[in-house]
Amino acid sequence: MPTYTAPTRDTRFIVNEVLDLASYGNLPGFESATPDIIDTVIDEAGKFCAEVLQPINAVGDRQGCTRHEDGSVTTPDGFKEAFGQYVESGWGTIAQPEEFGGQGMPHVLGFAIEEYMGTANQAFAMYPGLTNGAVSAIIAAGSQEQKEKYLPKMIANEWLGTMNLTEPHCGTDLGLIRTKAEPQADGSYAITGTKIFISAGEHDLTENIIHLVLAKTPGAPDSSKGISLFIVPKVMVNDDGSLGDRNGVTCGSIEEKMGIHGNSTCVLNYDGAKGFLVGEENRGLAAMFVMMNAARLGVGIQGLAQAEVSYQNAVAYALDRRQGRALTGPAEPEAAADPIFVHPDVRRMLMDAKAFTEGMRALALWGALQVDLTHKAQTQEEREEADLIISLLTPVIKGYGTDKGYDIATNMQQVFGGHGYIQEWGMEQFVRDSRIAMIYEGTNGVQAMDLCGRKLARDGGKAIQAFFKTVDDEIAEARADETLGDIAKRLEKALGEQKAATMWFMQNAMKNPNDLGAGAHHYMHIMGIVTLGLMWLRMAKVAQQKLSGSPEDKAFYEAKLTTAAYFAERFLPDVGALRRKLEAGSGSMMALPEEAFATAA
């Protein structure tokens, strides 16, 4: 059976030493995030996830959720009890606003907890995870009455939330949705339609579920400009906050999925359900994007999470499993064979995983800091800069993070050989669970097009230029350093390739939009690699500073320097190849007629 230990030491290193969260103590919400508090939250969250959530992960995978004849759904054994402990401990309130019952601490800590939960039990983590996005959307676009009515219970996780976008005939192209919202005399709307792929759409964890639903009102434009957003409670909420009658929304079925079996992914049928408009009519997509962006960052963390847990188990297996001898001679002559850890190809896979997971953790937490600074930085200029950076990074964290997370999960399964394909070792579950992260909340092809088609050009390229300047400045500072110099020079070369790829888009995409579409996925990976390179340069700098003294955990910092060098040597050169693929354009890709793809008899 697989195991999990939360990487609390690495998280504390990033939060306290690389991000230096204590230095933001003058900002709202940061004043209580002292190093002692941070360490306590991280350590206790790690224990909860490892001791309570991880043991029921395989149970949820094997059992799945059960839909009953009345449309109710039962979650797997242990989920309801674990959720009760989660609520009682207040883990979901950490980064939520104090105004509605949250603890008001930085999102950085909230993201760390999300990682641990997703690593220990991704299916379980999805129940409260989407609620965070729903809360964000109501805060951004809801009325004060709606905030007061729904947010305290949602933030306390006494009620959970969902996001209802997809319909049987449409996913990415939301302008095609058919769910109708008919205005009623009391100011509410009657919602009628079918939504599919609704994560946590029905369950037994809470007494109410607050659905956020996209629908079209009569006469609305027949496009994405005609979409409105509605709050549709599973159970109606009375004016005094008590629960009333059951609303007209039911679970028609639970999807039979490849993975995340412990989460109830539902088909929801709305039959004149009472809904309440959020924000302005026909402006629902803008409000929903607040939730989608929060969810996309959460999904990027899921890519990291599945890579982390599969990596931990692969390391343990490689140290224990004996096959063959080291190429340089027997490592343990007294044994019948050496541990497979000695073989370079196994080391290659493990080092790739270590370099990605630790770099990606740094990127996710740096991204979380930008979310905080977007709202809490002292000056308007600082808030705008943070918003530019996190907007640019969101599709990279989601797209690159989940592409690589899946790659790492499959490589860690490979370390197990045939045993990795057998259910009892748990590796095949990690592969199956990680696969969905590349698909939902916008497929990774959509993320790439968002990055290249929208984010690069935003405000005349202001965001990407700010990113380039950040990397350039940190490279310049490190170039002359004896230890950091080689990493900095390799990152500088990769950044130069990214700049050239960006310029190629500027010169060609307007003339032939297919050139942008053909190269977008490559560019997303280019930016992912360069950004992780920046993270590794920062981590190496801190590690070197620590090693100049006499740190107690010297081996930890030495490993950081070695892994940073490995990333620079093994990941950064890929940027050049990706740039050449991008610059090949779309000619041969789009040249074949459709009939040429059919297999001849």
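Before reading further, recall that the structure is shown in the block above.
The structure reproduced in this document is the subject of the present report. In this text, all values refer to a predicted model and were calculated from it rather than measured experimentally.

Some remarks on a nonpolar patch on the surface
Now for step 1: A cluster of nonpolar side chains, contributed by Tyr421, Ile422 and Trp425, occupies part of the molecular surface with about 350 Å² of accessible area.
Now for step 2: Its location among the elements puts Tyr421 in the loop between helix H10 (380–415) and helix H11 (427–435).

A word on the packing of helix H8 (residues 284–320) against H10
Now for step 1: H10 packs onto H8 with a crossing angle of 25° between their chain directions and a minimal axis gap of 8 Å. Taken together, the axis directions place H8 and H10 in an arrangement best described as roughly parallel. For the pair H8 and H10, the sense of crossing is left-handed.
Now for step 2: In terms of residue class, the contact of H8 with H10 is made up of 14 nonpolar, eight polar and two charged.

Considering the environment of Met126
Now for step 1: Structurally, the position occupied by Met126 is in helix H6 (residues 122–141).
Now for step 2: Sequence separation between Met126 and Thr8 is 118 residues, and the spatial gap between their C-alpha atoms is 21 Å.
Now for step 3: With residues up to four places along the chain from it excluded, the contact list for Met126 reads Ser199, Ile260, Asn263, Gln302 and Tyr440.

Considering the environment of Thr66
Now for step 1: In this structure, Thr66 sits in strand E1 (residues 66–67).
Now for step 2: Look at Thr66 and you get partly exposed, because its relative accessible area is 39%.
Now for step 3: Each C-alpha atom, one on Thr66 and one on Gly262, is 9.8 Å from the other, the two residues being 196 residues apart in sequence.
Now for step 4: Excluding residues within four positions of it along the chain, Thr66 makes contact with Ser72, Val73, Thr74 and Ile254.

Quick look at the pairing of strand E3 (residues 159–164)
Now for step 1: With six of six residues buried, E3 lies mostly within the body of the structure.
Now for step 2: With burial as the criterion, each face of E3 is covered, one bearing Trp159, Gly161 and Met163 and the other bearing Leu160, Thr162 and Asn164.
Now for step 3: Bridging between E3 and strand E6 (residues 208–215) involves six bridges; their strand directions are parallel. Looking at E6, one finds that Asn164 is bridged to Val213.

Some remarks on the environment of Ala559
Now for step 1: Note on placement: Ala559 falls in helix H16 (residues 554–570).
Now for step 2: For Ala559, a relative accessible area of 28% gives the class partly exposed.
Now for step 3: Counting along the chain gives 22 residues from Ala559 to Lys581, while the straight-line C-alpha distance between them is 33 Å.

Topic: the pairing of strand E4 (residues 180–183)
Now for step 1: Both E4 and strand E5 (residues 189–199) contribute to a ladder of four bridges, which runs antiparallel. Paired with Lys180 across the two strands is Thr192, which belongs to E5.

Notes on the layout of surface pockets
Now for step 1: Size it by volume and the second largest pocket reaches roughly 690 Å³.
Now for step 2: Elements represented by at least two residues in the lining of the second largest pocket include exactly helix H9 (344–376), H10, helix H13 (462–478) and helix H15 (513–547).
Now for step 3: Along the lines of polarity and charge, the residues of the lining of the second largest pocket split into 13 nonpolar, four polar and six charged.

Describing helix H4 (residues 79–89)
Now for step 1: When H4 is considered as a whole, its buried residues turn out to be Phe79, Ala82, Phe83 and Tyr86. Angularly, the buried residues of H4 cover 100° about the axis, an arc narrow enough to put them on a single face. Exposed and facing more than 90 degrees away from the buried side of H4 are Glu81 and Glu88.
Now for step 2: Among the structural elements, helix H2 (35–53), helix H3 (57–63), helix H5 (107–120), H6 and E3 are those in contact with the buried residues of H4.
Now for step 3: Looking one or two places after H4, you find Gly90, whose phi comes out positive at around 75°.

Thresholds applied
- Residues numbered from 1 in each chain as written.
- Predicted model: local features only at pLDDT ≥ 70, side-chain atom pairs only at ≥ 80, totals over all residues.
- Heavy atoms only, no water.
- Patch = residues over 30% accessible without salt bridge, like charges linked within 9 Å, V, L, I, M, F, W, Y side chains within 5 Å.
- Areas by Shrake-Rupley, 256 points an atom, 1.4 Å probe, with all protein chains shown as cover.
- Salt bridge = Lys/Arg side-chain N within 4 Å of Asp/Glu carboxyl O.
- Helix = DSSP H or I, 4+ residues; strand = E, 2+ residues; numbered from the N terminus.
- Axes fitted to C-alpha atoms, helices over the stretch in contact; angles between N-to-C directions.
- Parallel < 35°, antiparallel > 145°, perpendicular 65-115°, else oblique.
- Left-handed = near helix turned anticlockwise from the far one by under 90°.
- Nonpolar A, V, L, I, M, F, W, Y, C, P; charged D, E, K, R; others polar.
- Contact = heavy atoms within 4.5 Å.
- Buried < 20%, exposed > 50% of the residue type's maximum accessible area, 1.4 Å probe, protein only.
- Pairing = 2+ DSSP bridges.
- 1 Å grid on protein atoms, 1.4 Å probe; cavity = no way out; pocket = protein on both sides within 12 Å on 5 of 7 lines; lining within 4 Å.
- Points joined across faces, edges and corners; volume = space filled by probe spheres on them.
- Arc of directions from axis to C-beta.

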